[in-house]
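# A closer look at the structure
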2 protein chains.
Amino acid sequence: MLIDAPLRDLLAAFASPDPTPGGGSASAVASAMGASLLLMVAALPKTRSNSDEDRAALAAASSVLTGVRQQLTESIDEDAAAYDRVVEAYKLPKGSEPEKSARTGAVQRALRGATDVPLGVMRLSAAALAQAKIVAEHGNPSAASDVGVAEALLRAGLEGARLNVEINLGSVKDQAYVEAVRGELSELRNVS
Amino acid sequence: MLIDAPLRDLLAAFASPDPTPGGGSASAVASAMGASLLLMVAALPKTRSNSDEDRAALAAASSVLTGVRQQLTESIDEDAAAYDRVVEAYKLPKGSEPEKSARTGAVQRALRGATDVPLGVMRLSAAALAQAKIVAEHGNPSAASDVGVAEALLRAGLEGARLNVEINLGSVKDQAYVEAVRGELSELRNVS
């Protein structure tokens, strides 16, 4: 699994011409780093005013971010697996009509899977960006640059995941699904 | 070393309240992923028009990006080491005047080191962004989303590194150094 690989090897895998891991997994890594940095700031012994209100707000943010970070981390491998299934589906035989029909069904199912994973990364990145505002408001001001880096990484993860949603969505034929995803994309575009 | 750690452990280290690794190393990881994805697209067997011109342009871009990726990868650990030296310098004794003077000198040297590393990440990210334009122009159009993700990651790495330069530069007393860095920051701000 990618998350068990040494960082050095993961970077080499991104640089190799093999289809996975690609931009979808890299976007999930960026957002997982962003959520992790927010958890770091929320866990610092000092807070903005060392008040109980700060500690309660940061504890609540940490609780949300712990789940978000876990799901973003799982998305790193899920994105690669989902895209591998698209590649496999395209390799299915298409000699006869029943084969063609089975292949089309498999490709369409795989494409929806490869759309759903980065769409999930977009939702999780947006959820972490909402918590970043709370961490910035209540966290140790000397860690402000870490919150800023976290926000830059989460925005990059959100944007990178959006590019992956759109490229896969372009080949999905189920118009009800396509329109539902497009609606969610335009809502998530307003997140910052 | 961070680059030898499994990704799962690296993310946990970012989330821990220990001072390093922090946003500086995370920014270098983002840019190293961006440079890696550009190398992936440049290494694909298909190019935009499968012309010799494409292949020559992509080979030249790969040559630059290989060095940039290597230096960005080294910056991941260098940033953490540079910040650890700042923390160590602040712990030096300050009981006597000679101790105070030695401590101030050590802190100032360490702060410049902790400014130089993210400044280098900014330069490398800008260099990779320049190559992204060449990869987009000559590379396989079906990998356009990977180029887009690479650009988003490199911009996040550039921005994250800038935040780290500025926070350390704020404590540097050598005004000639501070002004030289500020001049370079405003040039690098125009990169996109």
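## Details of the nonpolar core
Membership of the largest hydrophobic core comes to 130 residues, with the highest contact counts inside it found for Met33 of chain A together with Met33 of chain B. Met33 of chain B has contacts with Leu11, Phe14, Ala26, Val29, Ala30 and Met33 of chain A together with Leu153 of chain B, leaving out every residue within four places of it along the chain.

## Quick word on the interface of chain A and chain B
Contacts between the two partners involve 45 residues from chain A, matched on the other side by 45 residues from chain B. Regarding the contact of chain A and chain B, the summed buried area is about 3,500 Å², with carbon and sulfur atoms giving 73% of it. On the chain A side of the contact with chain B, Leu7, Leu11 and Met33 of chain A bury the most area, a combined 18% of that side's loss. Put simply, chain A and chain B have 2 salt bridges between them.

## Some words on the side chain of Arg162 of chain B
Residues and elements named next belong to chain B. If you trace the backbone, Arg162 turns up in helix 5 (residues 144-169). The exposure class assigned to Arg162 is buried, which follows from its relative accessible area of 16%. Not counting chain neighbours up to four residues away, the residues in contact with Arg162 comprise Met122, Leu185 and Arg189.

## Some details on the relation of the copies chain A and chain B
Superposition record for chain A on chain B: RMSD 0.0 Å, screw rotation 180 degrees, translation along axis 0.0 Å. In symmetry terms, the pair is related by a two-fold rotation axis. If distances are taken from each C-alpha of chain A to the rotation axis, the shortest is found for Pro6 of chain A, at 2.0 Å.

## Focus on helix 1 (residues 7-15) of chain B
Buried within helix 1 of chain B we find Leu7, Leu10, Leu11, Phe14 and Ala15 of chain B. In an axial view of helix 1 of chain B, the angular spread of the buried residues amounts to 140 degrees, which keeps them on one side of the axis. If you follow the buried residues of helix 1 of chain B, they end up packed against helix 1 (7-15), helix 2 (23-42) and helix 3 (52-90) of chain A together with helix 2 (23-42) of chain B.

## Considerations on unusual backbone geometry
Backbone phi values are negative for most residues with the exception of glycine, while trans is the configuration of most peptide bonds. All names here are of chain A. Pro21 follows Thr20 through a cis peptide bond whose omega is -5 degrees. With respect to the element layout, Pro21 can be found in the loop between helix 1 and helix 2. Positioned with a positive phi, Asn50 is a non-glycine residue whose angle comes to about 50 degrees. Tracing the chain through its elements places Asn50 in the loop between helix 2 and helix 3.

## What to know about the environment of Arg123 of chain A
Residues and elements named next belong to chain A. Counting through the fold element by element, Arg123 comes out in helix 4 (residues 97-138). For Arg123, a relative accessible area of 41% puts it in the partly exposed group. The spatial distance from the C-alpha of Arg123 to the C-alpha of Ser63 is 17 Å, given a sequence separation of 60 residues. Sequence-distant contacts of Arg123, defined by excluding residues within four places in its chain, comprise Glu184 and Leu188. At 2.5 Å, the side chain of Arg123 and the side chain of Glu184 are in polar contact.

## Digging into the pattern of salt bridges
Enumeration according to the criterion identifies 16 salt bridges over all chains in this entry. In this structure, the salt-bridge partner of Glu159 of chain A is Arg162 of chain A, at a minimum N-O distance of 3.1 Å. Note that Glu159 of chain A and Arg162 of chain A are positioned in helix 5 (residues 144-169) at a spacing of 3 residues, about one turn of the helix. Salt-bridge contacts for Glu184 of chain B lead to Arg123 of chain B; the nearest nitrogen and oxygen are separated by 2.5 Å. On the criterion of sequence distance, the pair formed by Glu184 of chain B in helix 6 (residues 175-188) and Arg123 of chain B in helix 4 (residues 97-138) is long-range, its members being 61 residues apart. The partly exposed category is assigned to Glu184 of chain B, whose relative accessible area is 23%. Counted as one network, the salt bridges with shared partners bring together Glu159, Arg162, Glu166 and Arg189 of chain A.

## Quick notes on the side chain of Gln131 of chain A
Here Gln131 of chain A lies in helix 4. Apart from residues no more than four positions distant in its own chain, Gln131 of chain A is found in contact with Ala61, Val64 and Leu65 of chain A.

Basis of the calculations
Note that residues are indexed from 1 along each chain, following the sequence as it is written. Here chains are named by letter from A upward and ligands by number from 1 upward, in the order in which they appear as written. Local features in a predicted model are, by the rule used here, given only for residues with pLDDT of at least 70; side-chain atom pairs are given and counted only at 80 or more, and totals for whole chains, interfaces and linings are based on all residues. Excluding hydrogens and water, the side-chain values take into account all heavy atoms of the structure. Working definition of a nonpolar core: buried Ala, Val, Leu, Ile, Met, Phe, Trp, Tyr and Cys residues. They are joined through side-chain atoms within 4.5 Å. Residue burial is assigned from relative accessible area. The probe radius is 1.4 Å, only protein chains are included, and a residue is buried under 20% of its type maximum, exposed over 50%, and partly exposed in between. Residue contacts follow a heavy-atom distance rule, with two residues in contact if any of their heavy atoms lie within 4.5 Å. By convention, the term buried area covers the 1.4 Å-probe accessible surface removed from two parts as they join, with the contributions of both added. Just to be clear on terms, a salt bridge is a Lys or Arg side-chain nitrogen sitting within 4 Å of an Asp or Glu carboxyl oxygen. Only DSSP runs of H or I covering at least 4 residues are called helices, and only runs of E covering at least 2 are called strands; the numbering of each starts at the N terminus. The fit set for superposing copies consists of C-alpha atoms from residues with pLDDT of at least 70 in both; the fit itself is least squares. Throughout, the arc means the angular range of directions from the helix axis out to the C-beta atoms. Here a polar contact is recorded for every N or O atom pair within 3.5 Å, except that within protein the pair must consist of a potential hydrogen donor and a potential acceptor, and residues adjacent in sequence are included only if both atoms are side-chain atoms.

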